[in-house]
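Next come the chains, spelled out residue by residue.
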Amino acid sequence: MKPLELDVFLCRTDNFGVLVHDPETGFTVAIDAPEERPILEAATRRGWKITHIFTTHHHTDHVAANLALKEQFDCEIIGPINEAIAIPGLDRTMADGDSFLFGDHTVKVIETPGHTAGHICYHFVDDKLLFAADTLFALGCGRLFERPAADMWHSLQKLAVLPDETAVYFGHEYTLANARFALTVDPDNERLKSRAAEIEALRAEGKFTIPTTLGLEKETNPFLRAADPAIRRNLIMEGKTNEEVFAEIRKRKDNF
């Protein structure tokens, strides 16, 4: 089985567009559809025809180009069953734990409510790829618009059990701001400090910070580290639950 090919590019202001191409079948999926023009430009540049859109959640900056791409390519749009009514052009719904094939590549659906009520992530199991959209960012997580902090903490734990080498593709280039915030709650984390310096250099050169890996996030992302004693001491929350510590970190980030 030939490896999948990926193309990552910027849409809108800070959304990532991602095309995933299976060279054996010719299938090409857009992970969300933030903006028509850059997606079409990427597909044309690579000589790929978009056959699918995998929608993660209903926010406009992730579905804005659904109908335009569907009209041009007659592509199949797959998305979360719990947000089906809000997703333009949806053909097939997916629930937590569902699996399907993209060519010969197994894709497992992981429901991760928090940012929205029905947000899903797509895990290409054998390829060790996770498309986490606005649930898990490099050094961050999504804002809590539709579900409480405890739900998002539980969602992140579902992702954290995947293999450390899993490559994580996220929805926005927020990493520099996330790194600067992370240092305020985990200031003595040497791995975080070195990573923050790497991110500063990358962004100064105009380079993307995508992808990350789950292993790296578990070492440095404070939103996955609510149980860490150093973070708890820094927040003066030693006796609190993981959910309470996570909620405090999220609140601080909202006001950062």
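Cut-offs used in this document
- Residues numbered from 1 in each chain as written.
- Predicted model: local features only at pLDDT ≥ 70, side-chain atom pairs only at ≥ 80, totals over all residues.
- Heavy atoms only, no water.
- UniProt positions renumbered as here; feature names shortened; annotations may be inferred.
- Core = buried A, V, L, I, M, F, W, Y, C linked by side-chain atoms within 4.5 Å.
- Buried < 20%, exposed > 50% of the residue type's maximum accessible area, 1.4 Å probe, protein only.
- Helix = DSSP H or I, 4+ residues; strand = E, 2+ residues; numbered from the N terminus.
- 1 Å grid on protein atoms, 1.4 Å probe; cavity = no way out; pocket = protein on both sides within 12 Å on 5 of 7 lines; lining within 4 Å.
- Contact = heavy atoms within 4.5 Å.
- Polar contact = N/O pair within 3.5 Å; in protein donor to acceptor, adjacent residues only side chain to side chain.
- Points joined across faces, edges and corners; volume = space filled by probe spheres on them.
- Nonpolar A, V, L, I, M, F, W, Y, C, P; charged D, E, K, R; others polar.
- Disulfide = S-S within 2.5 Å.

- As recorded in an unreviewed UniProt entry, the chain goes by Hydroxyacylglutathione hydrolase and comes from Rhizobium lentis.
- Among the UniProt annotations of the chain, the heading Sequence similarities (unreviewed entry) holds the following wording: "Belongs to the metallo-beta-lactamase superfamily. Glyoxalase II family."
- Recorded under Pathway (unreviewed entry), the UniProt text for the chain is reproduced unchanged: "Secondary metabolite metabolism; methylglyoxal degradation; (R)-lactate from methylglyoxal: step 2/2."

Brief notes about the nonpolar core
Right, on to step 1. Membership of the largest hydrophobic core comes to 25 residues, with the highest contact counts inside it found for Leu130, Leu136, Leu156, Phe223, Leu235, Phe246 and Ile249.
Right, on to step 2. Looking at this core, the elements that each hand over two or more residues are β10 (129–133), α4 (149–160), α5 (175–185), α8 (229–235) and α9 (242–254).
Right, on to step 3. A total of five residues in this core trace back to one element, the largest contributor, which is α4.
Right, on to step 4. Counting 24 residues, the second-largest nonpolar core is a separate cluster that includes Leu4, Ile31, Val109 and Ala138.

A word on the UniProt feature "binding site: Zn(2+) 2" (unreviewed entry) in the chain
Right, on to step 1. Under the present numbering, the feature "binding site: Zn(2+) 2" (unreviewed entry) in UniProt falls on Asp61, His62, Asp134 and His172. Taking the farthest pair of C-alpha atoms as the criterion, the annotated set spanning 112 residues converges on one region, since that pair is 10.8 Å apart. Of the annotated positions mentioned, His62 line the largest cavity.
Right, on to step 2. Turning to its location among the elements, Asp134 is positioned in the loop between β10 and β11 (136–137).
Right, on to step 3. Not counting the four nearest positions on each side in its chain, Asp134 is found in contact with His57, His62, His115, His119, Gly142, Met152, Gly171 and His172.
Right, on to step 4. Within polar-contact distance, the side chain of Asp134 engages the side chain of His115 at 3.3 Å.

Points about the layout of surface pockets
Right, on to step 1. In this model, the largest pocket occupies a volume close to 210 Å³.
Right, on to step 2. Contributing to the lining of the largest pocket are 16 residues, with Phe137, Cys141, Gly142, Arg143 and Tyr174 lying nearest its centre.
Right, on to step 3. For the lining of the largest pocket, a count of residues per class yields five nonpolar, five polar and six charged.

Digging into the state of the cysteines
Right, on to step 1. Evaluation of the coordinates by the stated rule reveals zero disulfides.
Right, on to step 2. The thiol sulfur of Cys121 is not disulfide-bonded, and the nearest other cysteine sulfur, from Cys141, lies at 12 Å.

Some remarks on the UniProt feature "binding site: Zn(2+) 1" (unreviewed entry) in the chain
Right, on to step 1. The feature "binding site: Zn(2+) 1" (unreviewed entry), as annotated in UniProt, sits at His57, His59, His115 and Asp134 in this numbering. In three dimensions, the annotated residues from a span of 78 residues occupy one location, with a maximal C-alpha spread of 9.9 Å. Those annotated residues lining the largest pocket are, specifically, His59, His115 and Asp134.
Right, on to step 2. Accessibility expressed as a relative area gives 16% for His59, which makes it buried.
Right, on to step 3. Those residues within four positions of His59 in sequence are excluded, and the remaining contacts are His115, Thr116, Phe145 and Glu146.
Right, on to step 4. Note on placement: His115 falls in the loop between β8 (105–111) and β9 (120–124).
Right, on to step 5. Filtering out sequence-adjacent residues up to four positions away, His115 remains in contact with His57, His59, Asp134, Gly142, Arg143, Phe145, Glu146 and Met152.

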